[in-house]
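# Geometric and topological summary
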Amino acid sequence: MSAVAPVLPNLETPRYNERNYLNNGHGLKSWLLTSDHKRIALMYMVAVTFFFAVGGILAMIVRMELLTPEADLMSYDTYNKMFTMHGVAMVFFVLIPAVPAILGNFLVPLMIGAKDLAFPKINLLSFYLYCVAACLLLYTISAGGVDTGWTFTTPLSTHYVNTNVVSAGLAAFVAGFSSIFTGLNFVATIHRMRAPGLTWFRLPLFIWSMYAASVIMILGTPVVSIAIVLVAVERIFNFGFFDPAKGGDPLLFQHLFWFYSHPAVYIMLLPGMACISEIIACFSRKRVFGYTAVAFSSIAISLFSFFVWEHHMYIMGVSQYSALVFSLLTMLVAVPSAIKVFNWSFTLYKGSITFRAPMIYAMCCLGLFVVGGCTGVFLGSLGMDVHLTETYFIVAHFHFVMVGFVLMAFLGGVHFWWPKMFGRMYPEGPAKVAAVMIFVGFFVTFGPQFILGFLGMPRRYAAYPPEYQVLNVMSTAGATVMGAGFFFTMIYLVWSLKFGAVAGDNPWHAYGLEWQTQSPPITANFLETPIVTHEAYDYESIDFPHRERRSPVHI
């Protein structure tokens, strides 16, 4: 292919009133029966936002109870139901699907130059499976809830509680199939539908991370689905899979559950890391340092995540030898995560950094992930884990990694691609204020819980010794600030849909195929199939157009 002048980002006012995926068909039927990956992503966004609100309200009720040492707001049984339903809603219906189902659905075809996902109808089926699971969860809540903890620990869940274990388990089971179909769709699309010239090592790191997360979805989710089915069968038909009184083994459930649930951590983390790579490269105006290392670290995380599940089980009667092996493997899985952090840091080094709202979210993510990752080393160590397991140290670590990093990365990605999704800009000042509110509120909420856990305060208890009250009050105050930040974010983003400034096709001067089509994109994504001739993140061709370079994208 002959060398031509580089194609620069289109910074003119976009053809906003022309036909695009938002106005190509009106009415409820055109949305509910759509096969357009972009519309399905927006429907996921509405559903996930609803369950985020449900989970957040349940969390605030828990924090209100913990304002005082005594259980004076609700009974112990009700408190158990509150934190259980909070965990089920947030893990299975918010954290796991948030980035893949929303940003992944919207961006994967755009980033690889495809017109849609490989299986559009299966993509719609994935959304409706999510809706079925959501209805089962709402039924569970309305019927009185469930009080096993979000992990459905046996034999508690199969024998000792009389709440809605089966409906809650079915909700997680059906949501798991939604996740499997989404992962299958992404893998097939990335393998078979890349634009001409888009080789594996020209792919954006977003695609590498989504691919790695999809592999975990496909291989790990069936295992937890089987475990949940066995819980339901034992509970309904009185079989003895896990109950030792019936000849079962409770450790079997732990192995099955955590074999999926620890890799599921990376179903949440890897898509968040995908957003961070794109944002840091754009607002540093640099190619990601060590692109190949970062790409392969995603695959390494996906692989290693299947070999560390037993570190959740050190105090459950496993052998000392296996605990030692899994402790070493736990330290090993930290290596590819550390590679990402170091390479993001070196990307920032001597970069032309612009602190727009997405970049602020990315920087907050780095802080949260370092704290969460370092405290994970404590929990991977045998001696410390025995002391810290089942304390608030676990709660703090889990929320720093899962909730803090994933939600901040998701919000950073939403702000980064919001102009592409809707063709409108949000107000920059309020966005920065909200990011700081969420970050500060999060640290004040969960930072004191590390201290509480180290001092020995057990989790999942409605009452606690009076000397712990000050730190619990701090946590509740921080949660209030964080909640206000989330609400503020929702307000200005909704406001921007009508009143925001019209965005250009590429308001960030970003590099990538998704920025080479109009905002909002047309239903088919591209008028013609793009041809890729340059590596990812080639910001020199944008920032120094006078240099003789081949076109990164020819459309």
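These lines cover the structure that appears in this document, whether it is placed above or below. Everything numeric here is computed off the predicted structure, so don't read it as measured data.

## Some points on the overall build of the protein
Assigned secondary structure in the protein consists of 17 helices and 2 strands. In terms of C-alpha radius of gyration, the protein reaches 23 Å, essentially the compact-globule figure of 24 Å for 555 residues. Here the protein holds 555 residues, and the buried ones make up 58% of them. Across the protein, every contact between residues at least 6 apart in sequence was considered, and the portion connecting residues at least 24 apart equals 81%. Carbon and sulfur atoms make up 70% of the accessible area of the protein, which totals about 21,300 Å². Side chains of the protein carry 29 positive and 26 negative charges; the gap between the two charge centres is 11 Å.

## Examining the side chain of T154
Examined against the element boundaries, T154 turns out to sit in the loop between α5 (120–142) and α6 (156–160). With residues near it in sequence (within four places) discarded, T154 still touches V231, F242, P250 and F253.

## Concerning the pattern of salt bridges
If you walk through the whole model with that rule in mind, you get 4 salt bridges. For K38, the salt bridge is made with D36, and the minimal N-O distance between the two is 2.9 Å. Overall, the relative accessible area of 6% leaves D36 in the buried class. Between R287 and E535 there is a salt bridge, with its nearest N and O atoms 3.4 Å apart. Here R287, found in the loop between α9 (250–284) and α10 (291–304), pairs with E535, found in the loop between β1 (531–532) and α17 (540–543); they are 248 residues apart in sequence, far enough to count as distant. For E535, a relative accessible area of 37% corresponds to the partly exposed category.

## Section: the nonpolar core
Ranked by internal contacts, the top residues of the largest apolar core, which has 168 residues, are F93, L103, F206, L269 and W417. With residues near it in sequence (within four places) discarded, W417 still touches L103, L107, M111, F206, C275, E278, E514 and W515. Within the second largest apolar cluster, 13 residues are counted, among which are M74, F83, L452 and Y464.

So, how was this worked out
- Residues numbered from 1 in each chain as written.
- Predicted model: local features only at pLDDT ≥ 70, side-chain atom pairs only at ≥ 80, totals over all residues.
- Heavy atoms only, no water.
- Helix = DSSP H or I, 4+ residues; strand = E, 2+ residues; numbered from the N terminus.
- Rg over C-alpha atoms; globule rule 2.2 N^0.38 Å.
- Buried < 20%, exposed > 50% of the residue type's maximum accessible area, 1.4 Å probe, protein only.
- Contact = heavy atoms within 4.5 Å.
- Areas by Shrake-Rupley, 256 points an atom, 1.4 Å probe, with all protein chains shown as cover.
- Lys, Arg positive; Asp, Glu negative; His and termini not counted.
- Charge placed at Lys NZ, Arg CZ, Asp CG, Glu CD.
- Salt bridge = Lys/Arg side-chain N within 4 Å of Asp/Glu carboxyl O.
- Core = buried A, V, L, I, M, F, W, Y, C linked by side-chain atoms within 4.5 Å.

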